[in-house]
Amino acid sequence: MNENILYFFDGKPGALPLYETFEQKVFAVVENVKVKVQKTQIAFAGRHNFAFVSFLPVRKAKERPEVYIVVTFGLGYRVESSRIDAAVEPYPGRWTYHVLISEVDEIDDELMGWVREAAAFSEAKC
């Protein structure tokens, strides 16, 4: 485990197992992934960033579990799912999604399918 990742989770150690599971599954579904630890997020990238882990407050405080991570990714189309906490279209044909994860079993085939698509979508950018 990278010491920068451990430092990122220093104030929220309970969320580290969620991150570890997500990271492992990203490496399993996307080739040649680089991980960049930043101040407010951890980015997953190929040629371009395609997914992020953060603690974005995508829900009101009383609706957020004590332990969670937020997975953010972008796709070229609108996804309709109750799992998505926020969706915005910052540019035509580019949608950004935020999914709050509080249990390891939420890091499932559906989420990882979106992440795999996000990686392919980001690589298609010029």
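Our structure's up above, just so we're on the same page.
K.L.:
Which residues make up the pairing of strand β5 (residues 86-91), and what are the values?
P.N.:
Sheet topology note: the β5/strand β6 (residues 94-101) ladder contains four bridges and is antiparallel. Bridge pairing in β6 links alanine 86 to histidine 98. Hairpin connection of β5 to β6: two residues between the antiparallel strands, including glycine 93 at a positive phi of 80°.

K.L.:
Quick one: what's the story with the layout of surface pockets, residue by residue and with numbers?
P.N.:
Volume-wise, the largest pocket comes out at about 210 Å³. The wall of the largest pocket is formed by 16 residues, among which Phe73, Gly74, Trp95, Thr96 and Lys125 lie closest to the centre. Within the residue set of the lining of the largest pocket, elements represented by two or more residues are β3 (49-54), β4 (69-75), β5, β6 and α3 (109-123). When residues of the lining of the largest pocket are assigned to their parent elements, the largest contribution, four residues, is made by β4. Residue composition of the lining of the largest pocket, grouped by class: nine nonpolar, five polar and two charged.

K.L.:
Describe the packing of aromatic side chains, listing the residues and the values that go with them.
P.N.:
Taken as a whole and assessed by the stated rule, the structure comprises ten aromatic pairs. Between phenylalanine 8 and phenylalanine 9, the ring centres sit 5.2 Å apart and the planes meet at 70°, which makes this aromatic pair edge-to-face. Here phenylalanine 8 and phenylalanine 9 have matching classes, each one buried. Ring geometry for phenylalanine 73 against tryptophan 114: centres 5.7 Å apart, planes inclined by 25°, an arrangement best described as stacked. One end of the pair, phenylalanine 73, is in strand β4; the other, tryptophan 114, is in helix α3, with 41 residues separating them in the sequence. For the residue pair phenylalanine 73 and tryptophan 114, the accessibility class agrees, reading buried in each case.

K.L.:
Tell me about α3, residues and numbers included.
P.N.:
Compared with an ideal rise of 1.5 Å per residue, which puts 15 residues at 21 Å, α3 spans 21 Å between its outermost C-alpha atoms and is within 8% of the ideal. Where α3 is concerned, the buried positions are Leu111, Met112, Gly113, Trp114, Val115, Ala118, Ala119 and Ser122. Contacts from the buried residues of α3 go to α2 (16-29), β3, β4 and β6.

K.L.:
Quick rundown of the sheet that holds strand β2 (residues 41-45)? Include the residues and the values.
P.N.:
Overall, antiparallel pairing links the six strands, which are arranged β1-β2-β3-β4-β6-β5 in an open sheet. The open sheet has two edge strands with one neighbour each: β1 (34-37) and β5. Pairwise comparison of adjacent strand axes, ignoring direction, gives a mean angle of 20° for this sheet. Pairing geometry for β2 and β3, over five bridges, is antiparallel. Each residue of the ladder has a partner; that of alanine 43, found in β3, is phenylalanine 52. Sheet strands touched by α2: β1, β2, β3, β4 and β6. Its angle to β2, the strand with the most contacts, is close to 10°. Strand contacts of α3: β3, β4 and β6, with the helix running at about 45° to β4, the strand carrying the most contacts.

Calculation notes
Residues numbered from 1 in each chain as written. Predicted model: local features only at pLDDT ≥ 70, side-chain atom pairs only at ≥ 80, totals over all residues. Heavy atoms only, no water. Pairing = 2+ DSSP bridges. Helix = DSSP H or I, 4+ residues; strand = E, 2+ residues; numbered from the N terminus. 1 Å grid on protein atoms, 1.4 Å probe; cavity = no way out; pocket = protein on both sides within 12 Å on 5 of 7 lines; lining within 4 Å. Points joined across faces, edges and corners; volume = space filled by probe spheres on them. Nonpolar A, V, L, I, M, F, W, Y, C, P; charged D, E, K, R; others polar. Phe/Tyr/Trp six-rings, centres within 6.5 Å; stacked < 30°, edge-to-face > 60°. Buried < 20%, exposed > 50% of the residue type's maximum accessible area, 1.4 Å probe, protein only. Expected span 1.5 Å × (residues − 1). Contact = heavy atoms within 4.5 Å. Axes fitted to C-alpha atoms, helices over the stretch in contact; angles between N-to-C directions.

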